[in-house]
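Remarks on the overall topology
Here are the chains, one letter per residue:
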There are 4 protein chains.
Amino acid sequence: MTTFSQIAPQLEGQAIELPSWAFGNSGTRFKVFGTPGTPRSIEEKIADAATVNRFTGLAPKVALHIPWDKTDDYAALRAYAAEQGVALGTVNSNTFQDDDYKFGALTHIDKKVRQKAIDHHFECIDVMDATGSRDLKIWLAEGSNYPGQADLRGRQDRLHESLSAIYDRIGEEQRLVLEYKFFEPAFYHTDVPDWGTSYAQVSALGERATVCLDTGHHAPGTNIEFIVMQLLRLGKLGSFDFNSRFYADDDLIVGSADPFQLFRIIFEVIRGGGYGPDSDVAFMLDQCHNVEDKIPGQIRSVLNVQEMTARALLVDRDALSAAQEAGDVLGAHEIFNDAFYTDVRADLAAWREERGLPASPMKAYAASGYQQQIEESRVGGTQLSWT
Amino acid sequence: MTTFSQIAPQLEGQAIELPSWAFGNSGTRFKVFGTPGTPRSIEEKIADAATVNRFTGLAPKVALHIPWDKTDDYAALRAYAAEQGVALGTVNSNTFQDDDYKFGALTHIDKKVRQKAIDHHFECIDVMDATGSRDLKIWLAEGSNYPGQADLRGRQDRLHESLSAIYDRIGEEQRLVLEYKFFEPAFYHTDVPDWGTSYAQVSALGERATVCLDTGHHAPGTNIEFIVMQLLRLGKLGSFDFNSRFYADDDLIVGSADPFQLFRIIFEVIRGGGYGPDSDVAFMLDQCHNVEDKIPGQIRSVLNVQEMTARALLVDRDALSAAQEAGDVLGAHEIFNDAFYTDVRADLAAWREERGLPASPMKAYAASGYQQQIEESRVGGTQLSWT
Amino acid sequence: MTTFSQIAPQLEGQAIELPSWAFGNSGTRFKVFGTPGTPRSIEEKIADAATVNRFTGLAPKVALHIPWDKTDDYAALRAYAAEQGVALGTVNSNTFQDDDYKFGALTHIDKKVRQKAIDHHFECIDVMDATGSRDLKIWLAEGSNYPGQADLRGRQDRLHESLSAIYDRIGEEQRLVLEYKFFEPAFYHTDVPDWGTSYAQVSALGERATVCLDTGHHAPGTNIEFIVMQLLRLGKLGSFDFNSRFYADDDLIVGSADPFQLFRIIFEVIRGGGYGPDSDVAFMLDQCHNVEDKIPGQIRSVLNVQEMTARALLVDRDALSAAQEAGDVLGAHEIFNDAFYTDVRADLAAWREERGLPASPMKAYAASGYQQQIEESRVGGTQLSWT
Amino acid sequence: MTTFSQIAPQLEGQAIELPSWAFGNSGTRFKVFGTPGTPRSIEEKIADAATVNRFTGLAPKVALHIPWDKTDDYAALRAYAAEQGVALGTVNSNTFQDDDYKFGALTHIDKKVRQKAIDHHFECIDVMDATGSRDLKIWLAEGSNYPGQADLRGRQDRLHESLSAIYDRIGEEQRLVLEYKFFEPAFYHTDVPDWGTSYAQVSALGERATVCLDTGHHAPGTNIEFIVMQLLRLGKLGSFDFNSRFYADDDLIVGSADPFQLFRIIFEVIRGGGYGPDSDVAFMLDQCHNVEDKIPGQIRSVLNVQEMTARALLVDRDALSAAQEAGDVLGAHEIFNDAFYTDVRADLAAWREERGLPASPMKAYAASGYQQQIEESRVGGTQLSWT
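This section reports on the structure supplied with the text. (Residues numbered from 1 in each chain as written. Chains lettered and ligands numbered in written order. Predicted model: local features only at pLDDT ≥ 70, side-chain atom pairs only at ≥ 80, totals over all residues. Heavy atoms only, no water.)

Details of the overall build of chain A
Broken down by element type, chain A carries 14 helices and 10 strands. For the C-alpha atoms alone, the extent of chain A along its principal axes is close to 60 × 55 × 40 Å. Considering only contacts within chain A whose residues lie at least 6 apart along the sequence, 78% involve residues at least 24 apart. Surface summary for chain A: the accessible area is close to 12,100 Å², and the carbon and sulfur share equals 48%. Each charge sign in chain A was given a centre, from 36 positive and 56 negative side chains, and these centres are 3 Å apart. (Helix = DSSP H or I, 4+ residues; strand = E, 2+ residues; numbered from the N terminus. Contact = heavy atoms within 4.5 Å. Areas by Shrake-Rupley, 256 points an atom, 1.4 Å probe, with all protein chains shown as cover. Lys, Arg positive; Asp, Glu negative; His and termini not counted. Charge placed at Lys NZ, Arg CZ, Asp CG, Glu CD.)

Structural notes on the pattern of salt bridges
Tallying each qualifying case throughout the model produces 124 salt bridges over all chains. A salt bridge links Glu 184 of chain B to Arg 29 of chain A; the nearest nitrogen and oxygen atoms lie 2.9 Å apart. Highlighted residues: Glu 184 of chain B in the loop between strand S6 (175-179) and strand S7 (189-190) and Arg 29 of chain A in the loop between strand S1 (18-19) and helix H2 (42-56), drawn from two different chains. The exposure class assigned to Glu 184 of chain B is buried, which follows from its relative accessible area of 16%. Exposure remark for Arg 29 of chain A: the relative accessible area of 16% places this residue in the buried category. Lys 45 of chain D is the salt-bridge partner of Asp 69 of chain D, the closest N and O atoms lying 2.8 Å from each other. Here Asp 69 of chain D, found in the loop between strand S2 (61-65) and helix H3 (74-84), pairs with Lys 45 of chain D, found in helix H2 (residues 42-56); they are 24 residues apart in sequence, far enough to count as distant. (Salt bridge = Lys/Arg side-chain N within 4 Å of Asp/Glu carboxyl O. Buried < 20%, exposed > 50% of the residue type's maximum accessible area, 1.4 Å probe, protein only.)

Focus on the sheet that holds strand S1 (residues 18-19) of chain B
Residue and element names in this part refer to chain B. Pairing is parallel in the open sheet, where eight strands are placed in the order S1-S2-S3-S4-S6-S8-S9-S10. Each edge of the open sheet carries a strand with a single partner, namely S1 and strand S10 (282-285). Where strand S3 (residues 87-92) meets strand S4 (residues 135-138), two bridges bridge the pair, whose relative direction is parallel. Among the inter-strand pairings, Asn 92 is bridged to a residue of S4, identified as Lys 137. (Pairing = 2+ DSSP bridges.)

Overview of the interface of chain C and chain A
Of the residues lining the interface, 33 residues belong to chain C; the matching set on chain A comes to 33 residues. Roughly 2,500 Å² is buried in total at the junction of chain C and chain A, and carbon and sulfur atoms are behind 58% of that figure. A per-residue breakdown of the area chain C buries against chain A is headed by Leu 330, Tyr 341 and Arg 345 of chain C, which together make up 27% of the total. If you look at where chain C meets chain A, you find four salt bridges. Where chain C meets chain A, there are four residue pairs in polar contact (both at pLDDT 80 or more). Elements with a minimum of two residues in the side of chain C that touches chain A: helix H8 (259-271), helix H9 (294-313) and helix H11 (329-341) of chain C. The biggest single contributor to the side of chain C that touches chain A is H11 of chain C, with eight residues. Taken together, the residues of the side of chain C that touches chain A sort by class into 15 nonpolar, eight polar and 10 charged. (Buried area = accessible area lost by both parts, 1.4 Å probe. Polar contact = N/O pair within 3.5 Å; in protein donor to acceptor, adjacent residues only side chain to side chain. Nonpolar A, V, L, I, M, F, W, Y, C, P; charged D, E, K, R; others polar.)

Some remarks on the pairing of strand S6 (residues 175-179) of chain D
Residues and elements named next belong to chain D. Within S6, five of the five residues are buried, leaving the element largely enclosed by the surrounding structure. Of the two faces of S6, the one holding Arg 175, Val 177 and Glu 179 and the one holding Leu 176 and Leu 178 are both buried throughout. Pairing geometry for S6 and strand S8 (residues 209-214), over four bridges, is parallel. Bridging from a neighbouring strand, Leu 178 pairs with Val 211 of S8.

Examining the nonpolar core
With 475 residues, the main nonpolar core has Phe 240 of chain A, Phe 240 of chain B, Phe 240 of chain C together with Phe 240 of chain D as its most contacted residues. Look past the residues within four positions of Phe 240 of chain C in its chain and what remains in contact with it is Cys 212, Leu 213, Thr 215, Val 228, Ile 265, Val 269, Val 281, Ala 282, Phe 283 and Met 284 of chain C. (Core = buried A, V, L, I, M, F, W, Y, C linked by side-chain atoms within 4.5 Å.)

Some details on the interface of chain A and chain D
Each side of the interface is counted separately: chain A has 53 residues, and chain D has 53 residues. In terms of surface lost to chain D, no three residues of chain A exceed Arg 153, Phe 226 and Arg 233 of chain A, which account for 16% of the buried area on that side. For the interface between chain A and chain D, the tally reads four salt bridges. Between Arg 271 of chain D and Asp 151 of chain A there is a salt bridge, with its nearest N and O atoms 2.7 Å apart. Inspection of the region where chain A meets chain D yields 20 residue pairs in polar contact (both at pLDDT 80 or more). The biggest single contributor to the side of chain A that touches chain D is helix H7 (residues 224-233) of chain A, with seven residues. Of the residues contributing to the side of chain A that touches chain D, the split by class is 24 nonpolar, 18 polar and 11 charged.

Brief notes about the relation of the copies chain A and chain D
Laying chain A over chain D is done by rotating through 180° and shifting 0.0 Å along the axis; what remains is an RMSD of 0.0 Å. A rotation of that kind, with that shift, is consistent with a two-fold axis. Residues of chain A ranked by C-alpha distance from the rotation axis are headed by Gly 196 of chain A, positioned 2.1 Å from it. Here 100% of the interface residues in chain A have copies in chain D that are interface residues too; the copies meet face to matching face. (Least-squares fit on C-alpha atoms with pLDDT ≥ 70 in both.)

Some remarks on the relation of the copies chain C and chain A
The two copies are related by a screw motion: chain C maps onto chain A through a turn of 180° and a shift of 0.0 Å along the axis, at an RMSD of 0.0 Å. A high fraction, 100%, of the interface residues of chain C reappear at the interface in chain A, so the copies pair face to face through one surface.

Have a look at this one:
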């Protein structure tokens, strides 16, 4: 049996990127609830993200979303973030909130609209150059709602053209990461609905184009760890958007709906070489804290990833291989589960304390007064959300 | 084989209630697209709904949503609707857009919040009294997002108490109709997730409490016509919210995603006595025209219901029973499908013309100039949506 | 925080009934793999079941399936079981393997076939009288494969008639338990597809008729613990068939696919009064060990239920209620999860040893030589399976 | 509006391959029902398949399954088929019914087992050489039932090795077609679960390796026509296994569960160049007639494909493109649906009669006496099924 002290060194340097928008208000089509203390500026979002990192040591980067996080001076923003102790990370484009994009952006039948969307990505690359970001993440809301509404094939070909134009612009040290999503906001077809489509599209671009796997973007029953394995095997797993779901793209806290699934996913990441200093797979949250507090929601999330990583590292892989080779179904399953059922929380608390971090980041945050302070000081202005 | 002329008399009097909110803007959590001509007042919504009825003869009633359609003078609104040729129909309550309802309304742990939600329903009943509406439809957005967040059982008991208070207030000629929904906006549990729960709750209230079946509110793969059959058998099918879906509660045009399913549903309605002058099952649309035009979207929808009703009436039920009794699987299936595959559109066009209606309501609407007129005249003000 | 020693007393007396058929061969429509040592008689099945109980102390009863377990002398069988240290439990009827039932049994359109199926249940009741069994469990494979093939409503009415005849025959101390199943082996409609239908049917029979919840018999995404809560609330939860699933009715080892779901289910059982000496809810396994060893598969299963029961008992319900009442989403979720993540395995090992049971039933079984002994001695004859 | 006479020429030459096993008995894990007249030999299966072709003109080929259809003299079998008016088609391998394959075949951890499975495919290629078959179709039942049971990545790598060995053996005019399946008979992971995996595997082999799309092998809600479009676009759609489903891999008659979906699939086939003399996409049935008659079940199936092909050809693609380009959602949807709702059955009946075929193949078969004849003459022997 592997012990915590054996795997502890591998926990060093684990980093989970936080999405700036997790600190703004979000909700459903029915209602967006606001909460006291919600940021009114990108700087306040970064301050909140940095707070998560301060209490956990797990979240050294903040992802930006353009245009939500547009600013006049990215160099200044970068410096501000550095002061707070974090760096600016992935830049996310947005082609779903402009009236011109009602029937598509990179796939739109009208060349002018496509060019507008391509230009938006060029702008994002400019932002990346200014912020030092490596990854341009593209999630497309494009699709159609009714059979016959759109020419599926023509859209796919146009998507390739548009992505090629964007890919040609990214720098040698930058990457294009294409996310896929099963459905929503389009309800009949989505132009990048599955990993196969994302894989086929990025493969046609080149080496610096990879796939983003959002854990909430699959059909019911999909074996996500299998996809993780396959994309790592094919050398095309670029990044994760972590969250969890019971039904659709619920965007709940990672690990909250099916912790065993998160364990299996992280196990395959490790198994496939996607974890650790030699891997360039990016780990990121993409969640909506509709009803729970945002900052502790993010703290809880990165802790969930860390705890599950520790458990996945605990799997006795030699014993597992031996049981697998012997056809010992119950034995292999039990070795695998032994790690999952191991309670790593006390060990992790000690591990944190050794590093000058609070044993319990959740309690420490609650006791810190930060929440009261932002609730009191962030008065007036407009709370940020998805618009 | 049954012929169209044999079933034509049964098409008389078919009525599909339109939701006032279908004429306002709607969308997803990502974006709500506006369109020229969108109503700025309940009167304009009613004018649009009346237009659908004028072109189809199928939509003599408009459902209201409180508070979206609140007005100072319901008697005047009722008179205005009558002038337009329609009546005011079902009153829909709303307990999902007030900050107090973040953690529940009729199920809330705080008695004051529950009473507020009950009082809102009392207000809805007052509206019904003023409008002459029969049905109070209750859809609850209540639930929780995380395991442990809520006490499922306590909420169910409080739901019963709250519904009892509301039920006690409705008049002898009025009905309480309780809708169920599988998920959204709550993502872990929904307080009325399935027909069984709605049935158990309304059965505990009394005879004037029934179930509303929204065709988009089920788990993947659910046999909806079976539920229709069962609720009719149990005497508890109060009304339909028609729409269609590929994935979740997509709220697409009824019949657009799976026309054969709509056929099977309507067949069971007829089979179970839920269609025609002797039935009090209410048929209503509940859709979101996110990307398509709203008025023709509603016209298309009521036509879909009418066309599928004609096909379902065409089923040769004697022949079907004979094949079923003989264990002739393929024969029974073929008799059933013969009706589905019959093209009733020309017959329905003629049927309409006989009644002074346009043969093609879609074309007639497009040619009528109504759309241009509202686009030109409805300038300024605030387009209505779900807020 | 609740401790193990506080909840330990509640673990006394936990009993999970084993299905006799779990010890025979089972498989898919593609292949049934045999294994050395598989029973050739009901006595050998009982011996294996008793072995599970000997190593775990959790499985004092064996469920029978008629006709698979038919014997000439049930009194002798009962005595044999008693000698082995177990009792005979639930009697399961079978109406899906006779050619006459191709188009239904209790719902068949032909009265003679229905009576044959009713008579089979009478025979099962006779067996119950002889074995001292309390529960007659009815799972119906009935349904249809093609729209139009069957009259859904007529079948439902006939089902009521048939069940009434059976219910009238059961003794005052006996119960009729009606299982529901989403699909399979029927692929278009199932006559008892959901809890609502089972509830409506058993409610029409009387107090001694209740619902059986098989954890694998739901649509994708169904919140099963909600149904547990609701059936307990309505006083109609008769029994559980435990197993687990990723896709359809996979009949895998309980707790192996989604352990957190099992935790939530058992928590609701406890919350709703369905656990412990004052409850008459029956807990039973219904699994297929297609590729893993059968006896250790059953041992693993009852241990999974016990371990998860311990975790669910560990939930600090006072603290949970307080957090729920305060609207503290993250706090409530964390209190709930604290119990789930607690590693109870060492405590349970000690608990077992105190009671003269092996600390690790899995290892003790492997070391016992029982498996080798049955593999060597059970030579010749026909291994039992589902026929 | 396109007319039937315009599209009629494109119906010439349509061919849907029949699976030999559709004429044998099949069922579920619960029960296989036999029927009078079921073939006892591969020759009788071919005679039945040829009968389907005689009545419809749509089914000139019969697919074989090895070892189910093994024979000593394939040249004689080929001649026999030719006499009956049909040719031998796709050869299907079987790696799921040998005890050695319990934990995998082409992916098995033991090299000897893998070689045995590879050798089986070599044997299939020998059969192809003898029968003149073009396609070797590989469906793999391989996977695992429990997390931890198997090394997902190692299996994928071994799969590649095994497929490479097989691919190297097929002739210049032959193809390897790799089928994917979401789940069953494995319940946790399947080694080729989705089109992406099949695509990645066949792309690594070479040009003569393509993907087989079975319409029943997807997750709930999957947009299958999108996959058709994508595979055609990527040049990797090798063949179809047609059937239909409500839940899992139900293997029902193609077009019986969701006819509109079949219409959309065939529309994308045509749109993408997969239909007609210039395409080498193979169309095949893969169904189980569990409760309905087999020969008329196959007749009904090929007719469904033909009828839906006629409807899909009727789509006015110029008008559709114009509406799509104009962003006319409802207009495009209506043009698309106009074709679906057109009743082509009378036109097809006339079309058949012009070609010396019966207007109604179903009625003609029923009147032909073939069924009675085989029921009377096929007495004794063992009815064939999946073993």
